Amino acid sequence: MLPFTVLTAVAVPLEIAKIDTGMILPGRFMRRHRRPGHDYSEAFLHDLRFDEKGVPRPEFAMNMPAYAKAEILVTDSDFGCGSSREGAAYAVMDYGLRALIGPSFAEIFYGNCLQNGLLPVTLPEPVVHDLWAQLRNTPGATITIDLPNQQVIAPDGSAHAFEINQLRKERLVLGIDDIDVTLEHRAAIDAFEAKRQQAYPWLPNAAHVLAGH
Amino acid sequence: MADKRSLYQKVWDEHVIVTSPQGEDLLYVDFNLINEGGSFLAFDQMRMEGRKPYRPAQHLAITDHYLPTANRAAGPAGIGNLEIRKVVEMLASNTADFGVPHMNMHHTQQGIAHVVAPELGYAQPGMLITCNDSHTATNGALGALAIPIGASMQLRHVLATQTVWLKRARTMRISVTGTLPEAVTSKDVILGIIAQIGIGGATGYAVEYAGSTVRAMSMEARLTMCNMSIEAGARIGMISPDDTVYQYLNGRVNAPKGADWDRALAYWRTLPTQDDTPFDRELSFDATKLAPMVSWGTSPEDCSPIDGAVPDPALITDADRRRHVDRALEYMQLTPRTRLADIAIDRVFIGSCTNSRIEDLRSAAKVLRGRKAAVPGMVSPGSTTVKRQAEAEGLDAIFRAAGLDWRDAGCSMCNGSNGEILSPGERAASTTNRNFEGRQGRGAMTHIMSPAMVAAAAVTGKLTDVRRITD
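The shown structure was predicted, so the numbers you read here are calculated from the model rather than taken from an experiment.

1. Description of unusual backbone geometry
All names here are of chain A. If you check the backbone angles, Lys18 has positive phi at about 55° while not being a glycine. Here Lys18 is to be found in the loop between strand S1 (6-13) and helix H1 (21-24). Residue class for Lys18 comes out exposed when judged on its relative accessible area of 52%.

Shown next as structure tokens:
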């Protein structure tokens, strides 16, 4: 997982509320293998970005050249609502975004982002609306997200504090995911397992299936 | 001194490795089931990160969600829809790459994960079992702590560490007492509970089902009940183990044998919750007042006794509930106050992790024996083992003679991601667990009920009180 400390990057506005996970990653892309070079970047918000013929919608901000290198998306409320499809966070990530800013995020989606090194930042609605205006007025403007200090610096220089769970913050800053954290307990897991195996030696496993039975 | 902890608390405590400062417990996973729906995301991400499974033999992947229930002999090449075929093939290649045991489409014990795990003895009292499926609580009927996990991030974590981080849930005991009336099954009991407490009624709770009605239920009836815990909002549903469980497990392929069996039994007998164990919430239901249930709306809580009628939204005082019912009736193309027994159906489906075990098939076959179905439909046994048993008992012949299609094992028309769906505007009587909009296909209308009730609907072509089907 990439560490997240201070990010200064182009931000793109997306003034649509309740972008659900089906819009973020349309169902028909869900059965696709993710490999380097063949991931969900095309699928991300596909039906908003492209028309029925697959032609980019010119009026859609993300398609404008000024926003092409955006790593921050400034959304409206309830981003990530709908089904719990976890591929949605991968789509955001594969597109090249590192952070989302919005008035609210769906809970499951929010958690999935954090587990993959993506930072969702919740700011009050008026602040978000003001960010949209600034980004529209100056396409290609940058926003700075200072995670250690929990601050968003708008294009106009104004600073806005945000809240984040301290454990999640720590892991993002260090770039360690849940698996890395858990494997720090490897000795405890192994000791637990050995004791359990001794107390309950009959616990089943599926090795016989592996062996072809 | 007697242990005043509930079954849930005992099994949870038994699996805690460490506790985080934030109050999350790192729990050891004894056994993890994997299906093809979404799990490829976990394998892909592990491949990208260069991670390996920690204890590969403590996982069992079973192809069930996307696998069509016909034309198996042709292998993956026989799957016409290339997207579906790809998902089926991905589980085979991912499990091969990562050395994870896999029951593929040709395995003699293939079936729906939550049917296979109990019948092969992978699910036992006191175990902690996870699966990337919301109906994992099914296995709680044996006194296991069976927890649904996310198909990508949590599954990846379980694969890479054999553990999962979770916070304790609050505890709820649902006691059901009294003798079940004729033709009322555990499916009707759980639908009755969901109708009363709502689909969010048990959210945040680990539910334990108790009471004389539950004690009198067979193992398979209990599996149906725990299966639908998630439809009441509970991720976990359990039943304290007793002789019904021990007898069911005795002799199963992966159950303990010999001296181990005696040790296991002694341990299992320490697990049941005591009557005076405190719970965060206690509910009780009178089983004697229940009738066979059918759903009329687009949520599992939208169900009523078969002798009832479609509700009239105008009489609903709660504005949110009225809006939901309005929309549900519009989707279901139903007029308020229509008698439920007057609703004509186009198709029937018997199957799913809720109701596809041998007892379910027997109860449907009992109604269909010597009768013709008025509508088309299919029967998908929950596992290849169940299929063999049903065929040995001649149940397949009864279904076929009635005009129904006898299929292979899989999730089939319950989730539809295998391509087995209804046409838009078609209405089905179904033994499945969810009647959401579009669940069985875009524009398809689903009425959920017990296997015998689906069989009765098949016979008459409309929703029918099975007690009225007599010789």
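Once the structure has been displayed, the description carries forward.
2. As for the domain arrangement of chain B
Residue and element names in this part refer to chain B. When cut into domains, chain B gives domain 1 (7-166), domain 2 (170-289) and domain 3 (296-468). Taking only C-alpha atoms, the centre of domain 1 and the centre of domain 2 are 23 Å apart. Contacts between the two partners involve 30 residues from domain 1 and, on the opposite side, 33 residues from domain 2. Buried surface at the junction of domain 1 and domain 2, summed over both partners, amounts to about 2,600 Å²; 62% is from carbon and sulfur atoms. Among the residues of domain 1 in contact with domain 2, Leu7, Pro125 and Ala141 are the three that bury the most area, contributing 23% of the side total. Summed over the shared surface of domain 1 and domain 2, the result is 0 salt bridges. Linking domain 1 with domain 2 are 13 residue pairs in polar contact (both at pLDDT 80 or more).

3. Considering the sheet that holds strand S5 (residues 142-146) of chain A
All names here are of chain A. As summarised here, the arrangement of the 7 strands in space is S4-S3-S2-S1-S5-S6-S7, forming an open sheet in which the pairing is mixed. In this open sheet, the two strands that pair with only one neighbour each are strand S4 (119-122) and strand S7 (159-161). Direction aside, neighbouring strands of the sheet carry axes that sit 25° apart on average. Looking at chain direction, strand S6 (residues 151-153) and S7 are connected through 3 bridges and run antiparallel. Opposite Ile153, over in S7, you have Ala159 as the bridge partner.

4. Some words on the packing of aromatic side chains
One pass over the structure, following the stated rule, counts 13 aromatic pairs over all chains. Relative to Phe105(A), the ring of Phe79(A) has its centre 6.4 Å away and its plane inclined at 75°; by these criteria the two rings are edge-to-face. Residue Phe79(A) is located in the loop between strand S2 (72-74) and helix H3 (87-95), and its partner Phe105(A) is located in the loop between strand S3 (99-102) and helix H4 (107-115); the two are separated by 26 residues in the primary sequence. A relative accessible area of 0% means that Phe79(A) is categorised as buried. Taking relative accessible area as the criterion, Phe105(A) reaches 12% and is therefore assigned buried. With a centroid separation of 5.6 Å and an interplanar angle of 70°, the aromatic rings of Tyr200(A) and Trp202(A) are classed as edge-to-face. We classify Tyr200(A) as buried; its relative accessible area is 10%. You can call Trp202(A) buried: its relative accessible area is 6%. Site record: aromatic cluster; members linked through ring pairs are Phe79(A), Phe105(A), Phe109(A) and Tyr110(A). The ring of Tyr40(A) carries the charged tip of Arg34(A) above its face, separated from the ring centre by 5.9 Å. Seen from the ring of Tyr248(B), Arg252(B) lies directly overhead, with NZ or CZ sitting 3.7 Å from the centre.

5. A short note on the environment of Val173(A)
Turning to its location among the elements, Val173(A) is positioned in helix H6 (residues 166-174). Discounting chain neighbours no more than four positions away, the residues touching Val173(A) are Pro3(A), Phe4(A), Thr5(A) and Leu147(A).

6. A word on the interface of chain A and chain B
Chain A puts 46 residues into the contact, and the matching count from chain B is 61 residues. For the chain A and chain B pair, buried surface summed over both sides reaches about 4,500 Å², with 59% attributable to carbon and sulfur atoms. Of all residues in chain A, Arg31(A), Trp202(A) and Pro204(A) give up the largest surface area on contact with chain B, accounting jointly for 19% of the area buried on that side. The interface formed by chain A and chain B contains 6 salt bridges. Of the charged contacts in the structure, one is a salt bridge between Arg55(B) and Asp190(A), with a shortest N-O distance of 3.4 Å.

7. Observations concerning the packing of helix H2 (residues 40-49) of chain B against helix H3 (residues 82-98) of chain B
All names here are of chain B. Remark: H2 packs on H3, axes separated minimally by 10 Å, with the N-to-C direction vectors making an angle of 40°. Compared by their axis directions, H2 and H3 come out oblique. Crossing geometry of H2 relative to H3 is assigned as left-handed. Residues Phe40, Phe43, Met46 and Arg47 of H2 form the contact with H3, whose own contacting residues are Met90, Leu91, Asn94, Thr95, Asp97 and Phe98. Class assignment for the residues of the contact of H2 with H3 results in 6 nonpolar, 2 polar and 2 charged.

About the criteria used
Residues numbered from 1 in each chain as written. Chains lettered and ligands numbered in written order. Predicted model: local features only at pLDDT ≥ 70, side-chain atom pairs only at ≥ 80, totals over all residues. Heavy atoms only, no water. Helix = DSSP H or I, 4+ residues; strand = E, 2+ residues; numbered from the N terminus. Buried < 20%, exposed > 50% of the residue type's maximum accessible area, 1.4 Å probe, protein only. Domains from an automatic or database assignment. Contact = heavy atoms within 4.5 Å. Buried area = accessible area lost by both parts, 1.4 Å probe. Salt bridge = Lys/Arg side-chain N within 4 Å of Asp/Glu carboxyl O. Polar contact = N/O pair within 3.5 Å; in protein donor to acceptor, adjacent residues only side chain to side chain. Pairing = 2+ DSSP bridges. Axes fitted to C-alpha atoms, helices over the stretch in contact; angles between N-to-C directions. Phe/Tyr/Trp six-rings, centres within 6.5 Å; stacked < 30°, edge-to-face > 60°. Lys NZ or Arg CZ within 6 Å of the ring centre and 35° of its normal. Parallel < 35°, antiparallel > 145°, perpendicular 65-115°, else oblique. Left-handed = near helix turned anticlockwise from the far one by under 90°. Nonpolar A, V, L, I, M, F, W, Y, C, P; charged D, E, K, R; others polar.

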